[in-house]
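Chain by chain, the residues run as shown.
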Amino acid sequence: MTQASCLFCKVVTGELAVRTVFEDEISVAFLDHRPVFPGHCLLIPKVHFETLSDLPADQIEPLFRNAQLLARAVESGLEADGTFVAMNNRVSQSVPHLHIHVVPRRRKDGLKGFFWPRNPYAREDDADLIQQKIREAIETASELK
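Residues numbered from 1 in each chain as written. Predicted model: local features only at pLDDT ≥ 70, side-chain atom pairs only at ≥ 80, totals over all residues. Heavy atoms only, no water.

Caption draft 1: The environment of Pro-104, seen in detail. With respect to the element layout, Pro-104 can be found in strand 5 (residues 100-105). Sequence separation between Pro-104 and Thr-13 is 91 residues, and the spatial gap between their C-alpha atoms is 27 Å. If sequence neighbours within four positions are ignored, Pro-104 has contacts with Phe-37, Pro-38, Gly-39, His-40, Val-74, Leu-78, Ala-80, Gly-82, Thr-83 and Asp-109. (Helix = DSSP H or I, 4+ residues; strand = E, 2+ residues; numbered from the N terminus. Contact = heavy atoms within 4.5 Å.)

Here you go:
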């Protein structure tokens, strides 16, 4: 089920093009177009749910399994020291469709608290390279299962 006016539902239907790094039967992950740091991804369920509270219990485990896979891939594929994994529910939720942020982190990267300075990729090639690295890390991680 999708909502016609929802930007992320348009991602799911293919109406809005994004740089996809992962997709399975329940979710899609793609590069944020205004990342906190290069490699900042969003993971969304394919079915429209506005908040975590709206997500049915049987969807929690598969969605967060994919969040874990994505976090591992962002760390390994981008050689990050770690990741910041977060979501907003209504307040500060820019798109009213459940989404999980997975942001690569490096020691002393300057990110403090919950202020997230956002910047678009400087060049399309930069985003393409980041997308490819995360995809390759997901393939490697999936093969290890």
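Caption draft 2: Focus on the packing of aromatic side chains. Throughout the structure, instances matching the rule amount to one aromatic pair. Centroid distance Phe-8 to Phe-30: 5.6 Å. Interplanar angle 70°. Geometry classified as edge-to-face. Of this pair, Phe-8 sits in helix 1 (residues 7-13) while Phe-30 sits in strand 2 (residues 27-31); the two residues are 22 residues apart in sequence, bridging distant segments of the chain. Note on accessibility: Phe-8 and Phe-30 belong to one class, buried. (Phe/Tyr/Trp six-rings, centres within 6.5 Å; stacked < 30°, edge-to-face > 60°. Buried < 20%, exposed > 50% of the residue type's maximum accessible area, 1.4 Å probe, protein only.)

Caption draft 3: Molecular detail of helix 2 (residues 57-78). When the terminal C-alpha atoms of helix 2 are compared, their 32 Å separation across 22 residues agrees well with the 32 Å that a helix rising 1.5 Å per residue should span. The secondary structure elements touched by the buried residues of helix 2 are strand 1 (20-23), strand 2, strand 3 (41-45), strand 4 (82-86), strand 5 and helix 3 (124-143). Two residues or fewer past helix 2, Glu-79 is found with a positive phi of approximately 50°. (Expected span 1.5 Å × (residues − 1).)

Caption draft 4: Fine view of the side chain of His-99. Summarising the element assignment, His-99 is placed in the loop between strand 4 and strand 5. Within polar-contact distance, the side chain of His-99 engages the backbone oxygen of His-97 at 2.6 Å. (Polar contact = N/O pair within 3.5 Å; in protein donor to acceptor, adjacent residues only side chain to side chain.)

Caption draft 5: Just the nonpolar core, in detail. Val-21, Leu-31, Leu-70 and Ile-134 are the most contacted members of the largest nonpolar core, which has 26 residues in total. Those elements that place two or more of their residues in this core are strand 1, strand 2, strand 3, helix 2, strand 5 and helix 3. The leading source of residues in this core is helix 2, at eight residues. For Ile-134, the residues in contact, after removing those within four places along its chain, are Val-21, Leu-31, Gly-39, Cys-41, Leu-70, Ala-73, Val-74 and Leu-78. (Core = buried A, V, L, I, M, F, W, Y, C linked by side-chain atoms within 4.5 Å.)

Caption draft 6: Representation of the pattern of salt bridges in the model. Going through the model one piece at a time under the given rule, you end up with seven salt bridges. Note that Glu-61 is salt-bridged to Arg-65, the shortest N-O span being 2.9 Å. On the criterion of helical spacing, the pair formed by Glu-61 and Arg-65 is a turn pair, its members being four residues apart in helix 2. Assessed through its relative accessible area of 47%, Glu-61 is described here as partly exposed. (Salt bridge = Lys/Arg side-chain N within 4 Å of Asp/Glu carboxyl O.)

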